Amino acid sequence: MRTWQVERRKRTRHLIELGGLVVKAGIVDLTGDDRTMIYGALLWMADKLQSDQGEHARRLWTAKGKQAFAADPATNKGTDRTV
């Protein structure tokens, strides 16, 4: 397989995993799959991370994510990439 194909597949897998997190968090259902709202929320997160409260948000969101992964049996099988 060519290098560009391998890289494209890695990128595709990465994007699918990120999309899976959006679904796993319930965002799709909570917004009625409103992509404009989801994008706006992600932009709000990016602004928050770039603000003077960015480090606090990182710590808070990381702790919440770790807690959610730990509570989910599907991610307790060694597939959690945050560890």
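We now turn to the structure provided with this report. (Residues numbered from 1 in each chain as written. Predicted model: local features only at pLDDT ≥ 70, side-chain atom pairs only at ≥ 80, totals over all residues. Heavy atoms only, no water.)

Remarks on a nonpolar patch on the surface
Then step 1. A surface patch of nonpolar side chains, about 530 Å² in accessible area, is lined by Tyr39, Leu42, Leu43, Trp44 and Met45.
Then step 2. Following the sequence through the fold, Leu42 ends up in helix H3 (residues 35-50).
Then step 3. The exposure class assigned to Leu42 is partly exposed, which follows from its relative accessible area of 43%. (Patch = residues over 30% accessible without salt bridge, like charges linked within 9 Å, V, L, I, M, F, W, Y side chains within 5 Å. Areas by Shrake-Rupley, 256 points an atom, 1.4 Å probe, with all protein chains shown as cover. Salt bridge = Lys/Arg side-chain N within 4 Å of Asp/Glu carboxyl O. Helix = DSSP H or I, 4+ residues; strand = E, 2+ residues; numbered from the N terminus. Buried < 20%, exposed > 50% of the residue type's maximum accessible area, 1.4 Å probe, protein only.)

Considerations on the side chain of Thr31
Then step 1. Mapped onto the elements of the fold, Thr31 is located in helix H2 (residues 27-31).
Then step 2. Judged by its relative accessible area of 16%, Thr31 is buried.
Then step 3. Within the local environment of Thr31, its side chain forms a polar contact with the backbone oxygen of Val28, the two atoms lying 3.4 Å apart.
Then step 4. Apart from residues lying up to four places away in sequence, Thr31 is in contact with Met37 and Ile38. (Polar contact = N/O pair within 3.5 Å; in protein donor to acceptor, adjacent residues only side chain to side chain. Contact = heavy atoms within 4.5 Å.)

Focus: helix H1 (residues 3-24)
Then step 1. Between the first and last C-alpha of H1 there are 31 Å, a value that for 22 residues agrees with the 32 Å anticipated at 1.5 Å per step.
Then step 2. Gly26, located one to two residues past H1, shows a positive phi value of around 85°. (Expected span 1.5 Å × (residues − 1).)

A short note on unusual backbone geometry
A negative phi angle characterises most non-glycine residues, just as the trans form characterises most peptide bonds.
Then step 1. The backbone of Asp33 shows a phi angle near 60°, a positive value even though the residue is not glycine.
Then step 2. For Asp33, a relative accessible area of 38% gives the class partly exposed.

Structural notes on the environment of Gly20
Then step 1. Structurally, Gly20 is set in helix H1.
Then step 2. With 27 residues separating them in the primary sequence, Gly20 and Asp47 have C-alpha atoms 22 Å apart.

What about the pattern of salt bridges?
Then step 1. Counting across every chain of the model gives five salt bridges.
Then step 2. With a closest N to O distance of 3.4 Å, Lys10 and Glu7 form a salt bridge. Here Lys10 and its partner Glu7 are both found in helix H1, three residues apart, which amounts to about one turn of the helix.
Then step 3. Taking the relative accessible area as the measure of exposure, Lys10 reaches 51% and is therefore exposed.
Then step 4. Owing to a relative accessible area of 42%, Glu7 belongs among the partly exposed residues under this scheme.
Then step 5. Between Lys24 and Asp72 there is a salt bridge whose closest N-O contact spans 2.4 Å. Of this pair, Lys24 sits in helix H1 while Asp72 sits in the segment after helix H4 (54-71), placing them 48 residues apart in sequence.

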